[in-house]
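Geometric and topological summary
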Amino acid sequence: MNIEQVKENIGDFGKDIKINLSNILSEEGAPGLKINQIMGIALASAYSTKNNDVISAVKELAENHISEHELKAAKSAAAVMGMNNVYYRFVHLVSDKEYSKLPAKLRMSVIGNPGIDKVDFELYSLAISAINGCGMCIDAHVNEIEKAGIDKIGIQSSIRIAAVINATAQTITIN
């Protein structure tokens, strides 16, 4: 399935999602980001939704704009954030703050050496953390992204991409 087929499969109830999907996957629609960042964020977000149709469509679109290393990094971000978002959301939300003092003891070396520009991996991870609702991870990734020089508009664009990709998967699932 390609991105146009995905749009066609969005019912009338999801008209806003279809329009947003058409808008966010370009530099004009995602200000502050380069096209490879946009596509990497979209693909990492698609992997996070676990919707095969959305994954397939976004991957096909992204392959024209990102390297094999970026494709792999999108998968790595989805995998490691799938773990970290659960763990750190627990640490953040649990009433007993003693848990935050315990070492995580979770291997996550891909964050330090993702095989692509660190800021791009952080953008992927931020988008997935937003989808998964991990405030602690969101704060950590925003901090790293801002240190790397991406402004608030670029960060907002990454979240908008994540939101629309997530809504696209949901819309297709319930159609």
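Anything mentioned here points back to the structure above.
So, here's what we can say about the structure. This is a predicted model, so every value here is computed, not measured. In this convention, every chain numbers its residues from 1, walking through the sequence in written order. In view of the model being predicted, local features appear only for residues whose pLDDT reaches at least 70, and side-chain atom pairs are presented and counted only at 80 or more, with totals across whole chains, interfaces and linings using the full set of residues. In computing side-chain properties, one takes all heavy atoms of the structure into account and sets aside hydrogens as well as water.

To continue, consider the packing of helix α3 (residues 35-49) against helix α5 (residues 68-93). Put simply, α3 and α5 touch, their axes get as near as 8 Å, and they point 40 degrees apart. Between α3 and α5, the crossing angle belongs to the class labelled oblique. Read as a crossing pair, α3 and α5 show a hand that is right-handed. Contact residues: Asn 36, Gly 40, Leu 43, Ala 44, Tyr 47 and Ser 48 in α3; Glu 70, Leu 71, Ala 74, Lys 75 and Ala 78 in α5. When its residues are assigned to classes, the contact of α3 with α5 shows 6 nonpolar, 3 polar and 2 charged. Lines are fitted to the C-alpha atoms to define the axes, a helix being fitted only along its stretch in contact, and any angle between axes, read from their N-to-C directions, falls within 0 to 180 degrees. Note on conventions: DSSP H or I runs of at least 4 residues are helices, E runs of at least 2 residues are strands, and numbering of each starts at the N terminus. Each angle gets one of four labels, with under 35 degrees taken as roughly parallel, over 145 as roughly antiparallel, 65 to 115 as roughly perpendicular, and the rest as oblique. Crossing chirality is assigned from the near helix's rotation relative to the far helix, an anticlockwise turn below a right angle marking it left-handed and a clockwise turn marking it right-handed. What makes two residues a contact is simply this: any of their non-hydrogen atoms within 4.5 Å. For this scheme, ten residues count as nonpolar: Ala, Val, Leu, Ile, Met, Phe, Trp, Tyr, Cys and Pro. Four count as charged, namely Asp, Glu, Lys and Arg, and the remainder, Gly too, count as polar.

Relative orientation of the contacting elements helix α6 (residues 118-132) and helix α8 (residues 152-174) amounts to 50 degrees, with a least axis distance of 9 Å. Classified by the angle their axes make, α6 and α8 are oblique. The chirality of how α6 crosses α8 is right-handed. Contact residues: Leu 123, Leu 126, Ala 127, Ala 130 and Ile 131 in α6; Ile 155, Ser 158, Ile 159, Ala 162 and Asn 166 in α8.

To continue, consider the packing of aromatic side chains. The aromatic pairing rule takes the rings of Phe, Tyr and Trp, using the six-membered ring of Trp, and pairs them if the centres are within 6.5 Å, calling planes under 30 degrees apart stacked, those over 60 edge-to-face and the rest tilted. Overall, the coordinates contain 3 aromatic pairs when judged by the stated rule. Taken together, a centroid distance of 5.0 Å and an interplanar angle of 90 degrees make the contact between Tyr 87 and Tyr 88 edge-to-face. When accessible area is computed with a 1.4 Å probe and restricted to protein chains, residues below 20% of their type maximum are described as buried, those above 50% as exposed, and intermediate ones as partly exposed. Judged by relative accessible area, which is 22%, Tyr 87 ranks as partly exposed. Exposure remark for Tyr 88: the relative accessible area of 22% places this residue in the partly exposed category. Judged by centre distance (5.2 Å) and plane angle (70 degrees), the ring pair of Phe 90 and Tyr 99 falls under edge-to-face.

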